[in-house]
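Listed below are the residues making up each chain.
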Amino acid sequence: MALDQKTVARVAMLARIKVTEADLPGLATELSGILGWIEQLQAVDTSDVEPMTSVADLTLPMREDVVTVAAQRDAILANGPEANESFFTVPKVVE
Amino acid sequence: MTDILDLSLAAARRALADRSLSAVELVGAYAKRVEATRGLNAFITETLDHAVEAAKTADQELASGDAKPLTGVPIGIKDLFCTKGVQTTAGSAILKGFIPPYESTVTERLAAAGAISLGKLNLDEFAMGSSNITSHYGPVKSPWTRAGDDRPLVPGGSSGGSAAAVAARAVLAATGTDTGGSIRQPAAFTGIAGIKPTYGRCSRWGIVAFASSLDQAGAMARDVQDCAILLQAMAGHDPKDSTSAPLPVPDWSAALTGDIRGLKVGVPKEYRVDGTNPEILALWDQGLAWARDAGAEIVEVSLPHTQYALATYYIVAPAEASSNLARYDGVRFGQRVPGKTLDEMYENTRGAGFGAEVRRRILIGTYTLSAGYYDAYYLKAQKVRALIARDFREAFQQVDVLLTPTAPTAAFALGEKMDDPIAMYLNDVFTVPASLAGLPAMSIPAGLSSDQLPLGLHLIGRPFDEATVLRCAHVLERAAGFTARPQGY
């Protein structure tokens, strides 16, 4: 399946990655090449096969719904690029 | 006494225990070696001062009889494991300056066992690569060069810093992680041993996630015994990782009996693909002969869906990566590039923060998971993955372990294979199937190519049967008697 530049731009928007106009043609070629290569899976008969979601053959464990770590607001905020007082900050989203 | 750096982890541990060597001497020798090999770019962050201080405490513990299994042993940590108070980058610009407020379970266990970290080792960005050239912190150079050709070679990837540091004797052993071959392929390229245990053996908690259904931590060291010792300290159930296996960890050092008489060693016929390098095939045959000479029985088996493993992997892994890497949004950690709106801030941050290979994989993953394509790509790949796992289950009804080459070639030079992403992906042809099935697998150094570069043999075992993989690897390692060292290192 060949991807055109418009599709690549749309996928980049979905992934929230800024891609310059200049990068689009090269990316379209690369991604089309990879998708063409993985297309070979269509040749495998999987009609009676259950999809495999995990190799771990176990039921997800339950645990007590209790707090296991002490409050550490300052430690968590320390890595925020523009943390302010006790909050992470983002550009204004509501006018 | 021989040079301190010549001692294996096992031998260094004995010397520490009988006090013929102090931890201060041992760690000091390695700290000097780290400085002397900086040209390899194996480390992103060194913690040598802290290591030298820790060695003093280790000596007190050794003197008072309070030593733990790895007390005083200097190791390196792949920079994908979160380490409290020490920068953790995952090889990416987007995490530059990230100081985790917590410690990964694996590194916490290693510290509890007494191991001393010399620092954080370079890797392909977010562990995506087979050459270590995708790291934002620059490529790692292998300590090896081809005979008569001094062009720098790649150490393999993604655990390339770990591999180069072990091979250059800048650490006694190192942690790695393996999603499609990222421990085994660099181990083969640099002439060291490396084991990826069964999915679920080592906790993934605190390891920067790439593809959660495949990621698994493992050990890289000079030989099989050292790998067994390091892995012993890393593995075990952890309630903080819901896919961690609630199983006891056997004594892997005790599994190295040197006896594989009667063991059934499988040879997957589909791995003998057309165009495989004749040197690789010859080494494989040699490995089978060593196993036979040691009393094992060689059995040909069929893994019919092998040819689809790489394509399956390159759908599953990017899809999981695109989801996992959604967290790098410039809000809670890492770098932020401002924008007028929230979406623009996200796009600017992620556009600047991710390198070309990571961007490529996120875009592929986003596309294959998007509405209208999910069934054709992701669901299809999950079904083929089920068939690949079934192939292995059936083969393991006939045999105890599988023997294959680790990589289709020896190490390549920086700059080779760089233009075509698919040519790079083919490096993982022998390692990816075991990853998809979650099986334990190990590479050991077994011979040299015609241009004097290391080549590896690869063993794959049943789920949670690392013991048989290690036992067989140990016998083959002895038979191979690999003693070559990188020139100049």
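To keep things clear, this report deals only with the structure shown in the data block. (Residues numbered from 1 in each chain as written. Chains lettered and ligands numbered in written order. Predicted model: local features only at pLDDT ≥ 70, side-chain atom pairs only at ≥ 80, totals over all residues. Heavy atoms only, no water.)

1. Remarks on the sheet that holds strand β5 (residues 193-196) of chain B
The strands making up a sheet associate through hydrogen bonds between their backbones, and the pairing can be parallel or antiparallel. All names here are of chain B. To keep it simple, the criterion reads: Two strands are said to pair when DSSP picks up at least two bridges between them. Helix numbers and strand numbers start at the N terminus; a helix is a DSSP run of H or I with at least 4 residues, a strand a run of E with at least 2. Axis definition: a line fit to C-alpha positions, over the contact stretch in the case of helices; interaxial angles, taken between N-to-C directions, run 0 to 180 degrees. Residues count as neighbours in contact if any of their non-hydrogen atoms are within 4.5 Å of one another.
In space, the 11 strands of this open sheet follow the order β1-β3-β2-β4-β6-β5-β10-β11-β9-β7-β8, with mixed pairing throughout. In the strand order of this sheet, the two ends are held by β1 (43-46) and β8 (297-301), each with one partner. Shown here is a sheet whose adjacent strand axes are inclined to one another by a mean of 30°, direction ignored. Across 7 bridges, strand β10 (residues 441-448) lies against strand β11 (residues 454-461) in antiparallel orientation. By the bridge assignment, Pro-445 is partnered in β11 with Gly-456. Packed onto the sheet, helix α2 (residues 23-36) meets β1, β2 (74-78) and β3 (116-121) and runs at close to 15° relative to β3.

2. A few points about the interface of chain B and chain A
Using the following cut-off: Here the buried area means the combined drop in accessible surface, using a 1.4 Å probe, for two parts upon being joined, counting both sides. Between Lys or Arg on one side and Asp or Glu on the other, a salt bridge is scored when a side-chain nitrogen of the former is within 4 Å of a carboxyl oxygen of the latter. We call two N or O atoms a polar contact when they sit within 3.5 Å, provided that within protein one can donate a hydrogen and the other can accept it, with sequence-adjacent residues counted only if both atoms are side-chain atoms. We call Asp, Glu, Lys and Arg charged. Ala, Val, Leu, Ile, Met, Phe, Trp, Tyr, Cys and Pro are nonpolar, and the rest, Gly among them, are polar.
At the junction of the two partners, chain B supplies 65 residues and chain A supplies 51 residues. Summing both partners gives a buried area of about 5,000 Å² for chain B against chain A, and 70% of it is carried by carbon and sulfur. Across the contact surface, chain B and chain A share 4 salt bridges. Between Arg-336 of chain B and Glu-82 of chain A there is a salt bridge, and its shortest N-O distance comes to 3.4 Å. Taken together, chain B and chain A are joined by 15 residue pairs in polar contact (both at pLDDT 80 or more). Counting residues per element, the side of chain B that touches chain A draws most heavily on helix α12 (residues 375-395) of chain B, at 12 residues. By residue class, the composition of the side of chain B that touches chain A is 35 nonpolar, 19 polar and 11 charged.

3. Quick word on the environment of Thr-198 of chain B
All names here are of chain B. Residue position: Thr-198 is located in the loop between β5 and β6 (216-221). Measuring from C-alpha to C-alpha, the distance between Thr-198 and Ala-437 comes to 9.2 Å, with 239 residues separating the pair along the chain. Those residues in contact with Thr-198 that sit more than four places away from it in its chain are Gln-216, Gly-438, Leu-439, Pro-440, Arg-462, Pro-463, Phe-464, Asp-465 and Glu-466. Separated by 2.8 Å, the side chain of Thr-198 and the backbone nitrogen of Phe-464 make a polar contact.

4. Some details on the environment of Glu-46 of chain B
All names here are of chain B. To be explicit about the condition: To sort residues, take the accessible area from a 1.4 Å probe on protein chains only and compare it with the maximum for the residue type: under 20% means buried, over 50% means exposed, and anything in between is partly exposed.
Residue position: Glu-46 is located in strand β1. A relative accessible area of 31% means that Glu-46 is categorised as partly exposed. Sequence-wise, Glu-46 and Ser-117 are 71 residues apart; in three dimensions their C-alpha atoms are separated by 8.8 Å. Among residues more than four places away in sequence, those in contact with Glu-46 are Val-34, Arg-38, Leu-118 and Gly-119. Engagement of the side chain of Glu-46 in a polar contact is seen with the side chain of Arg-38, the distance being 2.8 Å.

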